[in-house]
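The chain contents come next:
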Amino acid sequence: MCAYVLLADDDPKQTDLIRRYLEREGHTVGVVHDGRAALEEARRRMPDLLVLDWMMPRTDGLDVCRVLRAESDVPVLMLTARAEEDDLLLALDLGADDYMTKPCSPRELVARVRTLLRRTGRTAAPGGTPAAAPGAAAPAPVFVAGSLVVDPARFEVRVDGRAIVCTPGEFRVLEMLVSAPGRVFTRKQVLERLHGIDRYVTARTVDGHVMNLRRKIERDPARPERLLTVYGVGYKIADARDETTADPRAARPAHPADRGTGPRAR
């Protein structure tokens, strides 16, 4: 199995080492050494995955991530010497899907690339066709909750017929919730679901994904009607019963993701 991986890092020795490991895995690797070149190459030939260094000349990795996330759902693995939690959360908030601190093990990086490609369904067989193992399971079902449609096989989300771009982490949370409208999933269950997508998964990571999803799928993110919080328990996707039995007096913010969102969670 192979994919096209774009590697953006201004350290020639490191990029050469990572490139050789990725090519040994069977991937095609493009290499650039500054942020502006990363944007240009990604727009010319959108990669299946982007390995992106934070600190680069001309345009830094955070700006590259921010711009590309607005244009596509390409998985982004961020590399950086920064190891503070606030730096990690900033990268995740801007759309990075995984995070490795330098110096990093090439073998671990290849394993994380493999995981992201598998989770996002972007791994392909040689020749560019989707890979299918013998005896592979049937395609995942399409989940529908009102005007919200989630198609795991295509990695697509639509709201009112409009395509929504989600990061792999956001998609995984939404897929879990929409698989059973009306069912409450605890924060622990959501955290467990995210392991393998985000290297460091914390409660704040979940809150960040929920806030970003509400910006994308709600008519008014400050008064959510689709992605709801159940106080002291977790999250759910609204079903028909929620629409007919809602009691605004029972709604209270449960987590930082609901600060300032108003009493709409049920």
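Just above, that's the structure.
Residues numbered from 1 in each chain as written. Predicted model: local features only at pLDDT ≥ 70, side-chain atom pairs only at ≥ 80, totals over all residues. Heavy atoms only, no water.

(A) A look at the sheet that holds strand β9 (residues 162-164). Overall, antiparallel pairing links the 4 strands, which are arranged β6-β7-β8-β9 in an open sheet. The open sheet has two free edges, formed respectively by β6 (143-145) and β9, since each of these has just one partner strand. Each strand of the sheet is rotated relative to its neighbour by a mean of 20°, with strand direction disregarded. The sheet contact formed by β6 and strand β7 (residues 148-151) spans 3 bridges and is antiparallel. Paired with F143 across the strands is V150, a residue of β7. Across the sheet, helix α6 (residues 168-178) is in contact with β6, β7 and β8 (156-159); its angle to β7 comes to roughly 115°. (Pairing = 2+ DSSP bridges. Helix = DSSP H or I, 4+ residues; strand = E, 2+ residues; numbered from the N terminus. Axes fitted to C-alpha atoms, helices over the stretch in contact; angles between N-to-C directions. Contact = heavy atoms within 4.5 Å.)

(B) Expanded view of the packing of aromatic side chains. Evaluated as defined, the whole model comprises 1 aromatic pair. For R24, the ring lying beneath its charged end belongs to Y21, and the centroid distance is 4.8 Å. Here the guanidinium or amino end of R45 rests over the ring plane of Y4, the centre of that ring lying 3.8 Å away. (Phe/Tyr/Trp six-rings, centres within 6.5 Å; stacked < 30°, edge-to-face > 60°. Lys NZ or Arg CZ within 6 Å of the ring centre and 35° of its normal.)

(C) Highlighting unusual backbone geometry. Phi is positive for F155, which is not a glycine, with a value near 55°. Note that F155 resides in the loop between β7 and β8. On the basis of relative accessible area, F155 is assigned to the buried category, the value being 11%. The phi angle at D160 is positive, at roughly 55°, despite the residue not being glycine. Among the structural elements, D160 can be located in the loop between β8 and β9. (Buried < 20%, exposed > 50% of the residue type's maximum accessible area, 1.4 Å probe, protein only.)

(D) Up close: the pairing of strand β2 (residues 28-32). Where strand β1 (residues 4-8) meets β2, 5 bridges bridge the pair, whose relative direction is parallel. Looking at the pairing, Y4 lines up with T28 of β2. Taken together, β1, helix α1 (residues 12-24) and β2 constitute a β-α-β crossover, and its handedness is right-handed. (Right-handed = clockwise from strand over helix to strand, strands pointing away.)

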